[in-house]
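Fold and contact review
Chain by chain, the residues:
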Amino acid sequence: MLSIFLQTLPFFLIIGLGYGAGRSGFFPEEATAWLTKFVFYFALSAMLFRFSANLTLSDVLDWNFVMAYLAATTLVYALATVVAMVRRVGLEETAIEAQCAVIGNVGFLGVPMLAMLMGEAAIGWVMVMLAVDLIVFGSLVVILITGSRDGRMSSRIFRTVGLGLLKNPMIVSILLGLAWSALRLPIPDPINAFVRILGDAATPGALFAIGASLASKSAERASVAGWLSFCKLVLHPGAVAISALLLFEVQPYAAAVMIAAASLPVAGNVFMIAQHYGVAPKRVSSAILISTVAAIVTVSLVIGWVARLY
């Protein structure tokens, strides 16, 4: 476990460096926004394209894997929803809280960290989870919030969701990479070098951006944020472990990657959604801050445990 902790520590140290830069004012919020945009639209997209272009759909389209992750995530999502309803929270806030409970920082933290700690073979499985998060749960939160405000479901809602997915660079880069692979087109050496160099910027850039963004967050309503962090760091990977290892026949390495990715802290894009719709952004901010700090220990414990599975 100590060995795993020391391997994960550099990732969190870069996050801490970004936090220090943001907290001191050396790296202002405007700079963080531009760095995040660079990583999201260019560096991370290049990394995902390069990995997916070297995969085939059959390599990662394992329906047992998809169903195991979807079932476990839906269970924790439902639990967070029930707890919010018992507290008599409105539908919009309930949807945001449920999102915090299951959507981890798979893109910015999971992709680079798990590729280094568990091998590049992990990327394919992480991309499947990322696709499920974006397509299923990313769409669901928009549908619930928009439907609640409109008072009904309409074609406009589904059009908004569809356009949002088509404009998401992570989805687009994965689909383009898989299409490139399906056409069996060789990647010219200059292009391969280009996406590799650009993609290599994703790891330090994403980690630094996470830390810098945390500098503007505060732990308000800590009790609720603590509950949501517990859901994300403990209940979610626990449910995924039971689902992948006991209920569905998921191969050991893929199950290990799934559990490790499920243990990641609350994703920053949940805050972006909350801020965009004006629904409990401070609560989400607190959950991101608390879960990311706690993840320094919990993620190491989970990765250390799953390493025994394969």
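Our structure's up above, just so we're on the same page.
Before going into details, it helps to say that this report is about the structure given with it. This one's a predicted model, so the numbers in the text were calculated from it and none came from an experiment.

Moving on: helix α4 (residues 63-86). With 24 residues, α4 should reach 34 Å at 1.5 Å per residue; the first-to-last C-alpha distance of 34 Å fits that figure. Buried residues of α4: F65, V66, A68, Y69, A72, T73, V76, Y77, A80, T81 and A84, and no others. The opening residue of α4 is D62, an N-cap whose side-chain oxygen sits 2.9 Å from the backbone nitrogen of N64. Looking one or two residues beyond α4, the residue adopting positive phi is R88, at roughly 60 degrees.

What follows concerns the packing of helix α2 (residues 29-53) against helix α6 (residues 106-118). Where α2 contacts α6, the two axes come as close as 11 Å, and the packing angle between them is 40 degrees. Between α2 and α6, the crossing angle belongs to the class labelled oblique. In this structure, α2 meets α6 at a crossing whose hand is left-handed. When α2 is examined against α6, the residues T36, V39, F40, L44, M47 and L48 are found in contact with a partner set consisting of G107, F108 and V111.

On to the environment of I15. Within the secondary structure, I15 sits in helix α1 (residues 2-23). Overall, the relative accessible area of 6% leaves I15 in the buried class. When the C-alpha positions of I15 and A212 are compared, they lie 7.5 Å apart, and in sequence the two are 197 residues distant. Apart from the residues lying within four places of it in its own chain, the contact partners of I15 are L109, L207, I210, G211 and L214.

Another point: the nonpolar core. Ranked by internal contacts, the top residues of the largest apolar core, which has 108 residues, are L44, M118 and M258. If you tally residues by element for this core, the top one is helix α7 (residues 122-150), at 15 residues. In this structure M258 touches F65, A68, Y69, M129, V240, A244 and V250, once residues within four positions along its chain are discounted. Judged by nonpolar contacts, the second largest core, of five residues, contains A46, F49, A53 and I187.

With that settled, the discussion passes to helix α11 (residues 202-214). With 13 residues, α11 should cover 18 Å at 1.5 Å per step; its first-to-last C-alpha distance of 18 Å lies within 8% of that length. Most of α11 sits inside the fold, with 11 of its 13 residues counted as buried. Where α11 is buried, its residues contact α1, α2, α6, α10 (189-200) and α15 (281-306).

Okay, the pattern of salt bridges next. Per the stated rule, a full pass over the model turns up three salt bridges. Of the charged contacts, one joins R283 and E93 as a salt bridge, the two residues approaching to 2.8 Å between their closest N and O atoms. Placement of R283 in helix α15 and of E93 in helix α5 (residues 91-102) is noted, with a sequence separation of 190 residues between them. For R283, a relative accessible area of 8% gives the class buried. Among the residues examined, E93 registers a relative accessible area of 30% and is labelled partly exposed. One salt bridge connects E97 with R283, and the closest N-O pair in it is separated by 2.7 Å. Taken together, the residues span a long stretch of sequence, with E97 in helix α5 and R283 in helix α15 at a distance of 186 residues. The residues E97 and R283 share a single accessibility class, namely buried. The network of salt bridges with shared partners includes R87, E93, E97 and R283.

Summed over the entire model, instances satisfying the criterion amount to eight aromatic pairs. An angle of 25 degrees between the planes, with centres 6.3 Å apart, marks the rings of F38 and F42 as stacked. Residue F38 and its partner F42 are both found in helix α2; the two are separated by four residues, about one turn of the helix. Arranged with centres 4.8 Å apart and planes meeting at 35 degrees, the rings of F65 and W125 form a pair that is tilted.

A separate point is the side chain of S45. Relative to the helices and strands, S45 resides in helix α2. According to the relative accessible area criterion, S45 is buried, its value standing at 9%.

In a pair of packed helices, the angle between the axes and the distance between the axes together describe the arrangement. It is at 9 Å that the axes of helix α13 (residues 252-262) and α15 come closest, and there the two elements cross at 175 degrees. Accordingly, the angle class assigned to the pair α13 and α15 is roughly antiparallel. Between α13 and α15, the contacting residues are A256, I259 and A260 on the first element and V302, I303, W305 and V306 on the second. Of the residues in the contact of α13 with α15, the class split is seven nonpolar, no polar and no charged.

Criteria and cut-off values
Residues numbered from 1 in each chain as written. Predicted model: local features only at pLDDT ≥ 70, side-chain atom pairs only at ≥ 80, totals over all residues. Heavy atoms only, no water. Helix = DSSP H or I, 4+ residues; strand = E, 2+ residues; numbered from the N terminus. Expected span 1.5 Å × (residues − 1). Buried < 20%, exposed > 50% of the residue type's maximum accessible area, 1.4 Å probe, protein only. Polar contact = N/O pair within 3.5 Å; in protein donor to acceptor, adjacent residues only side chain to side chain. Axes fitted to C-alpha atoms, helices over the stretch in contact; angles between N-to-C directions. Parallel < 35°, antiparallel > 145°, perpendicular 65-115°, else oblique. Left-handed = near helix turned anticlockwise from the far one by under 90°. Contact = heavy atoms within 4.5 Å. Core = buried A, V, L, I, M, F, W, Y, C linked by side-chain atoms within 4.5 Å. Salt bridge = Lys/Arg side-chain N within 4 Å of Asp/Glu carboxyl O. Phe/Tyr/Trp six-rings, centres within 6.5 Å; stacked < 30°, edge-to-face > 60°. Nonpolar A, V, L, I, M, F, W, Y, C, P; charged D, E, K, R; others polar.

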